[in-house]
Amino acid sequence: MRAVVAVLPISDARIWQYSNCDDFLSNLTSFCAQSDVPVYDFNLLKTRFQRFNDKTSYENRTHLSGIGAAQFSLAFCEVMKTADSGKNTDSLFYPSYGDMKKDSPYMANYSANK
């Protein structure tokens, strides 16, 4: 049996409230690396904008709805299958929150409020 750490996706509205998401990810990754535990941050999944949206994927800004949970389950299984096949999963994820936000369809809405 092996352990993995998965960060479940939160709404884009919630992500844009924070300015230190990359610090959180860096600290989590460093901590998990000490035990050779991979970290998969599904907020950084490159297909997040096709899979999740703030209107239907969340009950509130931090909790997935049934629709969002179903999409997360599919995405999680796809990532785990890729990892289990020995393939590198890095190409499935943005390298940082800053990079993910550049592709965000919410960029105009939230960056104007900063």
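Now for a description of the structure that goes with this document.

### Some thoughts on helix 4 (residues 66-84)
Link 1 in the chain: For helix 4, with 19 residues, the first-to-last C-alpha span of 27 Å sits near the 27 Å given by 1.5 Å per residue.
Link 2 in the chain: Those residues of helix 4 that fall on the buried side of the exposure criterion are G68, F72, A75, V79, M80 and A83. In a view along the axis of helix 4, the buried residues occupy a sector of 135°, so they form one face of it. Exposed side of helix 4, more than 90 degrees from the buried face: G66, I67, K81 and D84 are the residues found there.
Link 3 in the chain: Residues of helix 4 that are buried make contact with strand 2 (39-41) and helix 3 (48-51).
Link 4 in the chain: Positioned one or two residues after helix 4, G86 has a phi angle of 90°, which is positive.

### Some points on the side chain of K101
Link 1 in the chain: With respect to the element layout, K101 can be found in helix 5 (residues 97-102).
Link 2 in the chain: Despite its burial, K101 remains without a salt bridge, the nearest opposite charge being carried by D22 at 7.4 Å.

### Topic: the pattern of salt bridges
Link 1 in the chain: This model, assessed by the stated rule, comprises four salt bridges.
Link 2 in the chain: The salt bridge involving R51 is made with E78; its shortest N-O contact spans 2.3 Å. Separated by 27 residues along the polypeptide, R51 in helix 3 and E78 in helix 4 bring together distant segments of the chain.
Link 3 in the chain: Here E78 falls in the partly exposed class, since its relative accessible area comes to 40%.
Link 4 in the chain: Across the salt bridge formed by K102 and D99, the nearest N and O atoms sit 3.7 Å from each other. Of this pair, K102 and D99 both sit in helix 5, three residues apart, which is roughly one turn of the helix.
Link 5 in the chain: A relative accessible area of 61% means that K102 is categorised as exposed.
Link 6 in the chain: Assessed through its relative accessible area of 27%, D99 is described here as partly exposed.

### Re the packing of aromatic side chains
Link 1 in the chain: For the structure on display, the rule yields five aromatic pairs.
Link 2 in the chain: Arranged with centres 6.0 Å apart and planes meeting at 45°, the rings of F42 and F76 form a pair that is tilted. On the criterion of sequence distance, the pair formed by F42 in the loop between strand 2 and helix 3 and F76 in helix 4 is long-range, its members being 34 residues apart.
Link 3 in the chain: Taking the relative accessible area as the measure of exposure, F76 reaches 24% and is therefore partly exposed.
Link 4 in the chain: Here a set of aromatic residues connected by ring pairs shows up, and it is made of Y40, F42, F72, F76 and F93.

Thresholds, definitions, all that
- Residues numbered from 1 in each chain as written.
- Predicted model: local features only at pLDDT ≥ 70, side-chain atom pairs only at ≥ 80, totals over all residues.
- Heavy atoms only, no water.
- Helix = DSSP H or I, 4+ residues; strand = E, 2+ residues; numbered from the N terminus.
- Expected span 1.5 Å × (residues − 1).
- Buried < 20%, exposed > 50% of the residue type's maximum accessible area, 1.4 Å probe, protein only.
- Arc of directions from axis to C-beta.
- Contact = heavy atoms within 4.5 Å.
- Lys, Arg positive; Asp, Glu negative; His and termini not counted.
- Salt bridge = Lys/Arg side-chain N within 4 Å of Asp/Glu carboxyl O.
- Phe/Tyr/Trp six-rings, centres within 6.5 Å; stacked < 30°, edge-to-face > 60°.

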